[in-house]
Amino acid sequence: MAGHDDRYVEITTRLRSVRSFCDFLSQGGTVRVAVSEGEPYKDVTAVLLERNRREAEALARTRRHLYPELADEEVAPPLYSRH
């Protein structure tokens, strides 16, 4: 995997971040936005949850495609062991 470490770390870090956000939303977190200043807030939690779940699936597929020799969650939490 020499030469590909940085890309693998980047994909894995992004995947973990997206999955964590999905967990937050699934456990009751909410996201509300206003279209413009002074407008009422609109709940967009369901839309963001679905979008982020699709992104997580795409990242996982990409990682499996680029690094088929590695398991899905084989990296211990400290990904940046070189620092």
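In this report, we go over the structure that sits alongside the text. The model shown is predicted, which means the values in this text are computed figures rather than measured ones. (Residues numbered from 1 in each chain as written. Predicted model: local features only at pLDDT ≥ 70, side-chain atom pairs only at ≥ 80, totals over all residues. Heavy atoms only, no water.)

1. Re the packing of helix 1 (residues 5-26) against helix 2 (residues 45-66)
In plain terms, the rule: Comment: axis = line fitted to C-alpha atoms, over the contacting stretch for helices; angle = value between 0 and 180 degrees taken between N-to-C directions. Here a strand is any run of E in DSSP of at least two residues, a helix any run of H or I of at least four, and the numbering for each starts at the N terminus. Here roughly perpendicular refers to angles of 65 to 115 degrees, roughly parallel to angles under 35, roughly antiparallel to angles over 145, and oblique to all remaining angles. Crossings are sorted by hand: turned counterclockwise from the far helix by less than a right angle, the near helix makes the crossing left-handed, and turned clockwise it makes it right-handed. What makes two residues a contact is simply this: any of their non-hydrogen atoms within 4.5 Å. Polar here means any residue other than Ala, Val, Leu, Ile, Met, Phe, Trp, Tyr, Cys and Pro, which are nonpolar, and Asp, Glu, Lys and Arg, which are charged; Gly is therefore polar.
Direction vectors running N to C along helix 1 and helix 2 enclose 150°, while the axes themselves pass 9 Å from each other. Judged by the angle between their axes, helix 1 and helix 2 are roughly antiparallel. For the element pair helix 1 and helix 2, the recorded crossing hand is left-handed. Only Thr45, Leu48, Leu49, Asn52, Arg53, Glu55, Ala56, Leu59, Ala60, Thr62, Arg63 and Leu66 of helix 2 make contact with helix 1, whose side of the interface consists of Tyr8, Ile11, Thr12, Arg14, Leu15, Val18, Arg19, Phe21, Cys22, Leu25 and Ser26. Residues of the contact of helix 1 with helix 2, tallied by class, amount to 13 nonpolar, five polar and five charged.

2. A short note on the pattern of salt bridges
Short version of the rule: Here, a salt bridge means any side-chain nitrogen of Lys or Arg that lies within 4 Å of a carboxyl oxygen of Asp or Glu. Buried residues are those whose accessible area, probed at 1.4 Å on protein chains only, stays under 20% of the maximum for their type, while exposed residues exceed 50% and partly exposed ones sit between those limits.
In this structure the tally under the stated criterion is three salt bridges. Note that Arg7 and Glu10 form a salt bridge whose closest N and O atoms lie 3.1 Å from each other. With Arg7 and Glu10 both in helix 1 and three residues apart, the pair spans about one turn of that helix. Taking relative accessible area as the criterion, Glu10 reaches 47% and is therefore assigned partly exposed.

3. Some points on the packing of aromatic side chains
For clarity, the cut-off: Two rings belonging to Phe, Tyr or Trp (six-membered ring only in the last case) form a pair when the distance between their centres is within 6.5 Å. Interplanar angles under 30 degrees mark stacking, angles over 60 mark edge-to-face geometry, and anything in between is tilted.
If you walk through the whole model with that rule in mind, you get two aromatic pairs. Judged by centre distance (4.9 Å) and plane angle (85°), the rings of Tyr8 and Tyr67 are edge-to-face. With Tyr8 in helix 1 and Tyr67 in the segment after helix 2, this residue pair connects regions lying 59 residues apart in the sequence. Across the pair, Tyr67 and Tyr8 agree in class, each one buried. Residues Phe21 and Phe24 carry aromatic rings whose centres are separated by 6.2 Å and whose planes lie at 25° to one another, so their mutual orientation is stacked.

4. Overview of the side chain of Thr45
Counted only if it meets this: Two N or O atoms count as a polar contact when they lie within 3.5 Å, although within protein this holds only if one can serve as hydrogen donor and the other as acceptor, and sequence-adjacent residues are included solely when both atoms are side-chain atoms.
The topology assignment puts Thr45 in helix 2. On the basis of relative accessibility, which here comes to 11%, the residue Thr45 falls in the buried class. Only 2.6 Å separates the side chain of Thr45 from the side chain of Asp43, close enough to count as a polar contact.

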